[in-house]
Amino acid sequence: MSTTTAKPQRSPEEIEDIILRKIFLVTLIDSMVNDTRIVYLQMTAAEILSEGGELRLSKDLMERVLVDRLSGTFNNSSPESPFQYLIGIYRRAYDEGKKISNMKDKSVRAQMELVVNQAKKLAVSYCRIHLGNPDMFPDPERSKSNVSPLLPLVFNEVSSSIDQFSSSGSSSSSVVVSCPGFLDELFKDSDFETMEPILKQLYEDLRGIVLKCSALGNFQQPMRALMYLISFPVGARALVSHPWWIPKGAYLNGRVIEMTSILGPFFHVSALPDQNIFKGQPDVGQQCFSESSTRRPADLISSFTTIKTVMNNLYDGLAEILRSLLKNTSTRENVLQYIAEVINKNASRAHIQVDPISSASSGMFVNLSAVMLRLCEPFLDANSTKKDKIDPKYVFYGSRLDFKELTALHASSEEVTEWLNKNNPTNTSGGENRLLHSQETSSSTSYPFICECFFMTAQVLNLGLLKAFSDFKHLVQDISRCEDNLATLKTMQEQAPSPRLAQDVARLEKEIESFTQEKLCYEAQILRDGGLLQQALSFYQLMVVWLVGRLGGFKMPLPQSCPMEFACMPEHFVEDIMELLIFASRIPRALDGVKLDDFMNFIIMFMASPEYIRNPYLRAKMVEVLNCWMPRGSGTSSVTGSLFEGHQLSVQYLVKNLLKLYVDIEFTGSHTQFYDKFNIRHNIAELLEYLWQVPIHQNAWKRIAKEEEKGVYLNFLNFLINDSIFLLDESLNKILELKEIEAAMSNTIEWEQRPAQERQERTRLFHSQENIIRIDMKLAMEDVSMLAFSTEQITAPFLLPEMVERVASMLNYFLLQLVGPQRKSLSLKDPEKYEFRPKQLLKQIVNIYVHLAKGDNENIFPSAITKDGRSYNDQLFTEASNVLRRIGEDPRIIQAFDELGKKAKAAASEAMDAEAILGDIPDEFLDPIQYTLMKDPVILPSSRMIVDRPVIQRHLLSDASDPFNRSHLTPDMLIPDTELKQKIEEFVRSQQSKQQGEDMIMQSSSKSSIQSTDGSRPLID
């Protein structure tokens, strides 16, 4: 019978001692030290012996042993910092815990689990103490790094397999390995006072890492770390309690908040250009888009995709951080305060010129725009069901945002103040801005989050995304200007090379390269991000619905008086809508899937309503939007086509409102109004030309011409004719100047003898004149084209007494320029280059003549043609017919034109006879403006001057004032002078009777001269 020696069973106390020695790496018995990591606590052992205790580690001795280990200095081969030692305890306790779970004895297992958990809690507790009081225990590693030792552990916790970047700034990251559950236990059940300094350091470290990061830098891990820390209530509270959450100070501005607040550097991460001293690294422009013209398209697309992806990661992360803080009622107010402070301290970003030193970067505000749009997502549903939660009183009485400096849609600042005082009788302070009551009400009035978020997003988009659009547009213009200048310099260099020119060429090429890199960065982060643009469009769709809700919804006509609640809204709300629509419309497929009907309704309602939107340039922007949407050829999207051709408000009001705006834009109040109107009217003209081809709109146009024959339509024709004359005249004069410079430049020998500076200036002038001719001629051709196609169907307004002579004079003038004696001096080598098509222009002019003659039932047009003493000549009609035959015009048109020429010639002869009959006309019968015989004299109520009705009515079409004293005057204020009219008619009758009497005398005298001298019989029987 064999016997086996049983393995001795260890007591629970022995097991506890073994486990704790492994966890704490300490021993109380010197002979047991066989591991260099294990420390012999000699003093502690002596104390325990003196107290009569056993040299065995236990749960009760745990904290004493830990303090002694941390407090002592031991000759380890690899000294650890207190932090490394403490998390080592936690990790080893975790490992021992897994082993304990396999113990068979449930009682011992439960006992040991308590020991291990106590060791973990102790490690966490002393970790808090050490991190909050770093001087409490000796630390050999302390001087090596000023970064929180927790940081690598936090990074380890949030690291993912897709991390592209290492945790820069943490030298100990290689030492720290995963420690499951440690951070959760550290942050979860801790008191705020203990954790605040620890978290404060962590937040400052994270901010420091991303401070100089670009879109290609290491920001993703710090951002995930921030997200992780605020998932704990203590972390969220510590963040918003940090002194740098909203920095304070007398010199606080937008840039200071961006660079010094905890969140600011995260929002600064961007691909967009910034000032060199603030620019993040790596440089996105240099790395992705240097020498872009030589790069493969696939490389550029890859760069675009990378930037779009990383920026959307940033937007999502920052949105999640803010969302987490906003959900927590104890931190929500701090988040709203932070966003409001960023907005208010960067109000100057709305200015045309922005100081980059005192204002936050475009990158920060575009990022904040994307984040705010993500926060708005829950209430941006297609039916705008949450719009009633947006309280307009927030603009006037909300204390968080400062709206007082903003221009209102219609009301002046005085009107806003008066209205607010009237609606708030409790306010007796007599303030002078729209926030005058805000301080009194802010404490008692709270607005729902949707309301606050809506208005904050509107302000952020104005200062961010919309400002970036403007910056991008100016950047494109700068590139175009530089390229034009470069082309001019290269031309000059070819003619006369010089070192100075070579330097200028090199400088411009470098500038263009820099600008191009910046342009591609904008394209990567904004233009290529269809999701961002669509979110912005969804937001502004809600804005449109909400604004129109102030007036009762989408319906026409508008109420006669504009409600003050609407009139006092910031103008930029509407301007930003239009700018976004213009920008998005020019990006391929950006509008795909976007419902545009609400925007279309809004534009039609307000484009011709100065009583609601005072700024004419803002209403002109609406036309620019329509111009972008206008179908152009067969490849046009049917989405925009239906907006024009199957849209109820469009069919009813579009043509009428375009004609009204065409008239209104004559007087904008700006010092540049004369030149501004041409670009605006160009957009209107293009739209009207398109609408004329749509039968339902053409019918509406005809109806308006009939109903408004002496109203808006007559004013429209007057300004159309004025513009046509000015533009063609300006173009033709510039052609003569251009030919003079061209002749000088073609004489090479004489040209090269001129000073270099003079040649440079003359070359620049030449290119400038070319551009002016091209633009003016294009606009003039458009205007004449509109007259040509519309007169085919509408002639009555052109033949009114106050208009017919004006039209005839314009046509005669154009005819003189095109077929008159000086036409050869206007010949150009390449007229198409300047949009000058003389053959087409002549055909259109002749068509207008023929159309008006066809509609002239009273035969007044021929005499109107001949009254133009400046340009009319019957030979011009003959010459024009000859040219038309040569260029192949329709023979029927030529025949009709010839017949009109004959009628005009006959009318001229009759006019000369009539003038001879009247003889000397008394001055009182002459119109004081044109010195022609009055037919319908009227008295001007203010100056009491007497003028001919057609003459003054023609004047009033362009200027609603008395020409003699500039007082206000309208056609209905004219007073008929019936007495003078009778005198004139009597004078005309008497002169005609007198002439008839003289004719009879002459006839009788001629008969008597045939008889013989003696009267007996005729000389000829």
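It should be emphasised that the depicted structure is a prediction, and the values quoted were computed from it without experimental measurement.

**Student:** Tell me about the overall build of the protein, and please be specific about residues and values.
**Tutor:** Scanning the protein from terminus to terminus reveals 41 helices and 5 strands. Going through the 1021 residues of the protein one by one, you find that 49% of them count as buried. Pairs at least 24 apart in sequence give 76% of the contacts found in the protein among residues at least 6 apart.

**Student:** For helix 20 (residues 449–463), give the residues involved together with the corresponding values.
**Tutor:** The periodicity of an α-helix, 3.6 residues per turn, causes residues three or four positions apart to be oriented the same way. Taking 1.5 Å of rise per residue, 15 residues should cover 21 Å, and helix 20 covers 21 Å from first to last C-alpha, within 8% of that figure. Buried residues dominate helix 20, accounting for 14 of its 15 residues.

**Student:** Go over the side chain of His242 with me, naming the residues and quoting the values.
**Tutor:** Its place among the elements puts His242 in the loop between helix 10 (233–241) and helix 11 (254–260). With a relative accessible area of 4%, His242 lands in the buried category. Other than its neighbours up to four places away in sequence, His242 contacts Lys200, Tyr203, Glu204 and Ile262.

**Student:** Please set out the environment of Ala123 residue by residue, giving values where relevant.
**Tutor:** Its location among the elements puts Ala123 in helix 5 (residues 106–132). For Ala123, a relative accessible area of 1% gives the class buried. The sequence separation of Ala123 and Ala93 amounts to 30 residues, and the corresponding C-alpha distance is 9.4 Å. Setting aside residues no more than four positions away along its own chain, Ala123 makes contact with Leu86, Ile89 and Tyr90.

**Student:** Please give an account of empty space enclosed by the protein that cites residues and values.
**Tutor:** Unoccupied space between atoms shows up once a probe the size of one water molecule is rolled over them. As enumerated under the stated definition, the model contains 1 cavity of 30 Å³ or more in all. There is about 40 Å³ of room inside the largest cavity. As for the largest cavity, its lining consists of Phe678, Arg681, His682, Ala685, Asp723, Leu727, Leu779, Glu782 and Asp783. Put simply, the parts of the chain that give the lining of the largest cavity at least two residues each are helix 30 (673–692), helix 32 (712–746) and helix 34 (756–791). Ranked by residues supplied to the lining of the largest cavity, first place goes to helix 30 with 4 residues. For the lining of the largest cavity, the per-class residue count stands at 4 nonpolar, 1 polar and 4 charged.

**Student:** Lay out the nonpolar core in plain terms, naming residues and giving numbers.
**Tutor:** By size, the foremost hydrophobic cluster in this structure holds 312 residues, and its most contacted members are Phe24, Leu150, Phe182, Phe187, Phe606, Trp629 and Phe644. Of all the elements, helix 32 adds the most residues to this core, at 15 residues. Here Leu150 is in contact with Phe83, Leu131, Phe182, Leu183, Leu186, Phe187, Ile198 and Leu202, once residues within four sequence places are set aside. One finds Leu940, Leu956, Leu969 and Leu974 within the second-largest nonpolar core, a separate group that totals 7 residues.

**Student:** Tell me about the packing of helix 27 (residues 616–629) against helix 29 (residues 648–664), residues and numbers included.
**Tutor:** Running from N to C, helix 27 and helix 29 point in directions that differ by 135°, and their axes come no closer than 11 Å. The orientation of helix 27 with respect to helix 29, classified from their angle, is oblique. As for the relative orientation of helix 27 and helix 29, their crossing is left-handed in sense. Mapping the contact onto sequence places Arg619, Ala620, Val623 and Leu626 in helix 27 and Leu654, Leu658, Leu661 and Asp664 in helix 29. Taken together, the residues of the contact of helix 27 with helix 29 sort by class into 6 nonpolar, no polar and 2 charged.

**Student:** I'd like to hear about a nonpolar patch on the surface, residue by residue, with values.
**Tutor:** On the surface, a cluster of nonpolar side chains totalling about 230 Å² of accessible area is made up of Ile929, Met945 and Phe964. The topology assignment puts Met945 in the loop between strand 3 (937–939) and strand 4 (946–948).

**Student:** How would you sum up the pattern of salt bridges? Please name residues and give values.
**Tutor:** Applying the stated rule across the entire model yields 39 salt bridges. For Lys345, the salt bridge identified is with Glu341, shortest N-O distance 3.3 Å. Here Glu341 and Lys345 lie together in helix 15 (residues 329–345), a separation of 4 residues that amounts to about one turn. Residue Lys345 is classed as partly exposed on the basis of its relative accessible area of 32%. One salt bridge in this structure joins Arg885 and Asp898, with 2.9 Å as the shortest N-O distance. Taken together, the residues span a long stretch of sequence, with Arg885 in helix 38 (residues 874–887) and Asp898 in helix 39 (residues 891–918) at a distance of 13 residues. A relative accessible area of 47% means that Arg885 is categorised as partly exposed.

Reading guide: rules and limits
Residues numbered from 1 in each chain as written. Predicted model: local features only at pLDDT ≥ 70, side-chain atom pairs only at ≥ 80, totals over all residues. Heavy atoms only, no water. Helix = DSSP H or I, 4+ residues; strand = E, 2+ residues; numbered from the N terminus. Buried < 20%, exposed > 50% of the residue type's maximum accessible area, 1.4 Å probe, protein only. Contact = heavy atoms within 4.5 Å. Expected span 1.5 Å × (residues − 1). 1 Å grid on protein atoms, 1.4 Å probe; cavity = no way out; pocket = protein on both sides within 12 Å on 5 of 7 lines; lining within 4 Å. Points joined across faces, edges and corners; volume = space filled by probe spheres on them. Nonpolar A, V, L, I, M, F, W, Y, C, P; charged D, E, K, R; others polar. Core = buried A, V, L, I, M, F, W, Y, C linked by side-chain atoms within 4.5 Å. Axes fitted to C-alpha atoms, helices over the stretch in contact; angles between N-to-C directions. Parallel < 35°, antiparallel > 145°, perpendicular 65-115°, else oblique. Left-handed = near helix turned anticlockwise from the far one by under 90°. Patch = residues over 30% accessible without salt bridge, like charges linked within 9 Å, V, L, I, M, F, W, Y side chains within 5 Å. Areas by Shrake-Rupley, 256 points an atom, 1.4 Å probe, with all protein chains shown as cover. Salt bridge = Lys/Arg side-chain N within 4 Å of Asp/Glu carboxyl O.

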